[in-house]
Amino acid sequence: MLLKAFVALLLLLGMPIKGTAEPAAATTIVLAGEDDWPPYSFADKRSLGAGHEPTGFSPRLIRAAFASQGVNVRFISVPFSRCMRLALTDQVAGCFNASITNENRNDYIWHSPPMFKEELSIFGAPGNDATPLTLADLRGKNVAITNGYTYPSAFVNDSRISKFPANSDDNLIQMFLSRRVDYVVMNRTPGWLRIDATDAARGRLVHRGALSVDEFWIAFSKKYPGAQQASDTFGKGLTQMRNNGSYQAMLNEFRKQVKFR
């Protein structure tokens, strides 16, 4: 109901929700962004009510890429699983940050190039073996994952790994600290950020290996009118930013801010 009220408000303000056949000429398009994946996309928890916009690297990049093509963009902030469901409808033009899997490849429109890459990491207790852990090392173990996130198909479909979902990455850390799981699977930068912010986790939960290095996109809706053109426009803007150096400058500044490691 809160989302519907926000959409109605945009309409009253004259801000189009659905694109036209030529979204590049439209005043504004609306995208849904994840509310709990710092530092890429997250909501200020002090904000009240529906419609508060996410902050982080992704909204800044998306806004800049669209602006380079003369397109304005507005964001709504929702949990990731809901974000992806909205992008299956005509309520928003797309959802970020999504990775492509065998399960969702044909459900959305994918732009080119991707927005950024992030390692999907294995975090666990410090070990004496310096050899990085891989997918095979998780077999027979209890592994915490975040509900609704897109994980590599090889990991998702491996029945030998006992997976325990929770509603947020913070919950995964607490599951490890309470010894309910052996390992936690989180993306590298968001994972380190949360661990560093959790006194009890620092030194007890460390990087042990990687499952993959994934690319992230806006998953554009197949039902939103003009979404294909919106995807093409965003891809054109992102390519332009990569070619003129502004993308790398933005990425370097972001990594400096979050103490990327």
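To be clear, the structure that these remarks concern was listed above.
Attention in this report is confined to the structure presented alongside it. In this numbering scheme, every chain counts its residues from 1 along its sequence in written order. Reporting of local features is limited, given that this is a predicted model, to residues whose pLDDT is at least 70; pairs of side-chain atoms are given and counted only at 80 or more, and all residues count toward the totals for whole chains, interfaces and linings. The side-chain numbers reported here are obtained from all heavy atoms of the structure, hydrogens and water having been left aside.

**Remarks on the environment of Pro132**
- Each helix is a run of DSSP H or I of at least 4 residues and each strand a run of E of at least 2, with the numbering of both proceeding from the N terminus. Note that Pro132 resides in the loop between β7 (116–124) and β8 (142–146).
- Exposure remark for Pro132: the relative accessible area of 54% places this residue in the exposed category.
- For the pair formed by Pro132 and Ile122, sequence separation is 10 residues and the distance between their alpha carbons is 9.1 Å.
- If sequence neighbours within four positions are ignored, Pro132 has contacts with Asp137, Arg208 and Gly209. Throughout this description, buried means an accessible area under 20% of the type-specific maximum (1.4 Å probe, protein chains only), exposed means over 50%, and partly exposed covers the range between. Residue contacts follow a heavy-atom distance rule, with two residues in contact if any of their heavy atoms lie within 4.5 Å.

**Quick notes on the state of the cysteines**
- Two cysteine sulfur atoms form a disulfide, by the criterion used here, when they sit within 2.5 Å. In this structure the tally under the stated criterion is 1 disulfide.
- Residue pairing for Cys83: its cysteine sulfur links by disulfide to Cys95, the two sulfurs lying 2.1 Å apart. Across the disulfide from Cys83 to Cys95, rotation about the S-S bond amounts to roughly 120°, and the bridge is consequently right-handed. With Cys83 in helix α3 (residues 80–86) and Cys95 in strand β5 (residues 94–98), this residue pair connects regions lying 12 residues apart in the sequence. The same class applies to Cys83 as to Cys95, namely buried.

**Digging into the packing of aromatic side chains**
- For Phe, Tyr and Trp, rings pair up if their centres lie within 6.5 Å, where Trp contributes its six-membered ring, and each pair is then called stacked (planes under 30 degrees apart), edge-to-face (over 60) or tilted (otherwise). Overall, the coordinates contain 17 aromatic pairs when judged by the stated rule.
- Ring pairing ties together the aromatic residues Trp37, Tyr40, Phe57, Phe116, Phe216 and Phe254, which thus form one cluster.
- In our convention, an over-ring charge means Lys NZ or Arg CZ found within 6 Å of a ring centre and within 35 degrees of that ring's normal. Stacked on the ring of Phe155, the Lys or Arg Lys163 has its end atom at 5.5 Å from the ring centre.

**Focus on the environment of Ser212**
- Following the sequence through the fold, Ser212 ends up in strand β11 (residues 206–220).
- When its relative accessible area of 19% is taken as the criterion, Ser212 is described as buried.
- When the C-alpha atoms of Ser212 and Pro152 are compared, they prove to be 7.6 Å apart, with 60 residues separating the residues in sequence.
- Contact partners of Ser212, with chain neighbours within four places excluded, come to Glu118, Glu119, Leu120 and Pro152.
- Here the side chain of Ser212 touches Asp214 through a polar contact of 2.9 Å, side chain to side chain. Two N or O atoms count as a polar contact when they lie within 3.5 Å, although within protein this holds only if one can serve as hydrogen donor and the other as acceptor, and sequence-adjacent residues are included solely when both atoms are side-chain atoms.

Treat this as a map of the structure, not an account of what it does.
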